[in-house]
Amino acid sequence: MIKIVSGSTIPVGSTVALVNLCNQFNARGYECILYGPDRWHLDKCKSALLANFEPQNKDIIIINDINLSSASDLYKLPALVALPRKKDWFTLFKSLMSQSIWKKPKPGHFMLVLTCQGGDISCKRLTRINFYHRIHTVSRLQQINNNRKISSFICPNIIDDLRKSEHKPDLVAGIIGSIYKQNNTVSSIERALRDGIETVIIYGYLQDPIYYYKEIEPLMRKYPGKIKFAGFIDNKQNLYDSVSDVYYSVNKPWSMVRQECNLTNTRFHGPDIYEEEKSMTNDQILAVWKNELGL
Amino acid sequence: MKNFEDDFYKILKLLKTREPFAFNRFSDGELYMLQNQEVILGDHMVKIGDRVERGPYHEEDFKHFHPEEHGFYRDRLIDAFRFRKKNYFKGLSCRCCVGEENFRWQLDFHGDYDENFTWANLLVNGNYPKFIREMYPVFNDYKTVFICNKKNDLSVLPFVVKDFRVGYNAMVNDYGLIEKIKTWMDENRIEDHLFLFSASFFSKMAIHQLYDHNNRNTYIDVGTTLNPFMNMRLDRTYLKSFWLGAKGSDLNKICIW
């Protein structure tokens, strides 16, 4: 069985990508379950809470956003994932010190794959990866510390089944992406308003409410009635149907936003850093996964 | 044993699957009214019976329940408290917030145990981050009607299609609005809408009577949870902790039954 295990299953792009991957595996006859510590994913695909995860012989285990120190960590994942969340730095430090720096063997009875979705815990920060059989990245521009030359492959995430919006509004911009400083949400809003956009709708997971209240809320008073907050919504078609333009202000070449804008006939205003990336169909993406996992 | 987080997700699931329900909240203020104690929320003060304390209250919060003058409204609150219907959820004050004696008093006053009892604090304290990040976005799936104070600014909420406003001491002064909302619902055949309430004591009576009148819509008492989107003060501890990062343990508080 394929078991995708993520250190976070809150409603953000990486979780959506893993949900889509899980659904694609199941749709093509490969049994797959997505495990995570949060509950958002539970009604999106075949899924379970992280506490129910148990590695078994012949499993293919795909790990996202969990800093394992060895394959044996798989047997204590809930506790491991809870550590950074609790921000108990002393416990975290103790845990890190107890981890050996020596080379850890690859597990023999299941396949272990690391997927780098490019989230906050970027693959660059992962230092112990020698026990993985494969490493997956979604873009050639993601950097991983792969000194030991572990077999790796690149393929983008599954693209949602989106169609051109039939009735687009006029001069309504969507700001897409989690809301926190690194995503430059404020910059996107201000660019949209400077361009003459009449209504800005913020679609994104509220990662940092303090940033929202200090930086974005004052803009709502500065431009009364022009900025709305929707939060993260599941239905991307509804999202793109509700806007004429999308403003994006962060360099994430693996982001799907530009491609989704193309599919829905939505004007995209963001950095031009996507040219190097070739788009792939979902069939091509699944073919890569099948090949790499030996399915 | 009831679980604070599980109850939140139970309500969220109903909302996502468009199964109509009502979530009414009977917090400490309603508890004191049910106990027939005088309640005054005034300028930075609160009076419960003979006890006067400081409180985080401003003009839009001011209200006065006088047991002898306002018996009619207390009776309507009792109706709302004892009402039973499928998917009519009643949030009670929990023992960790109002103490064992008051918690027991509510249950005794209610009579038979209701399977639809839940926490009045279901959307706040430890569940507030989940409310904002997981439940609030689902409001976008509904045509939403907001019943709130006339001072609230609703322009940030993209899902609001209609609003009804109340003023000072709405429980008494705006009681007639309930009939007006019923008439509007009937004339416009309102179904599958979401009604959000942020109108203190008035909300309790309205949610009961509107759900009894038309249970094909969903009714939620959101209290002060959406204040940061409505240009209102963040004067509750849980709001200050979440939005301003102020110290406080409310966001870690998992209420017990």
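Structure: above.
First, a word on scope: everything that follows refers to the structure included in this document. For clarity, every value in this text was computed on a predicted model and none was experimentally measured.

### Re the interface of chain A and chain B
Thinking step 1. Of the residues lining the interface, 23 residues belong to chain A; the matching set on chain B comes to 22 residues.
Thinking step 2. Both faces considered, chain A and chain B share a buried interface measuring about 2000 Å² in area, 58% of it formed by carbon and sulfur atoms.
Thinking step 3. By the criterion of area lost to chain B, the three top residues of chain A are Arg39, Tyr213 and Phe229 of chain A, representing 31% of everything that side buries.
Thinking step 4. Counting every contact that joins chain A to chain B gives three salt bridges.
Thinking step 5. Between Asp43 of chain A and Lys16 of chain B there is a salt bridge, with the nearest N and O atoms lying 3.5 Å from each other.
Thinking step 6. Counting across the chain A and chain B interface gives eight residue pairs in polar contact (both at pLDDT 80 or more).

### Things to note about helix 4 (residues 185-194) of chain A
All names here are of chain A.
Thinking step 1. Among all positions in helix 4, only Thr185, Val186, Ser188, Ile189, Ala192 and Leu193 are buried. Looking straight down helix 4, one finds its buried side chains confined to an arc of 165°; they lie on one side.
Thinking step 2. Immediately downstream of helix 4, the backbone of Gly196 shows phi near 95°, a positive value.

### Observations concerning helix 5 (residues 128-135) of chain B
Thinking step 1. Of all eight residues making up helix 5 of chain B, eight are buried, and the element is well covered by its neighbours.
Thinking step 2. Those residues of helix 5 of chain B lying buried are Tyr128, Pro129, Lys130, Phe131, Ile132, Arg133, Glu134 and Met135 of chain B.

### Thoughts on the environment of Leu206 of chain A
Thinking step 1. For Leu206 of chain A, the position within the fold is in the loop between strand 9 (199-203) and helix 5 (209-222).
Thinking step 2. Each C-alpha atom, one on Leu206 of chain A and one on Ile179 of chain A, is 5.0 Å from the other, the two residues being 27 residues apart in sequence.
Thinking step 3. Setting aside residues no more than four positions away along its own chain, Leu206 of chain A makes contact with Ile179, Tyr212 and Phe229 of chain A together with Ile132, Arg133, Phe242 and Trp243 of chain B.

Reading the values: rules and limits
- Residues numbered from 1 in each chain as written.
- Chains lettered and ligands numbered in written order.
- Predicted model: local features only at pLDDT ≥ 70, side-chain atom pairs only at ≥ 80, totals over all residues.
- Heavy atoms only, no water.
- Contact = heavy atoms within 4.5 Å.
- Buried area = accessible area lost by both parts, 1.4 Å probe.
- Salt bridge = Lys/Arg side-chain N within 4 Å of Asp/Glu carboxyl O.
- Polar contact = N/O pair within 3.5 Å; in protein donor to acceptor, adjacent residues only side chain to side chain.
- Buried < 20%, exposed > 50% of the residue type's maximum accessible area, 1.4 Å probe, protein only.
- Helix = DSSP H or I, 4+ residues; strand = E, 2+ residues; numbered from the N terminus.
- Arc of directions from axis to C-beta.

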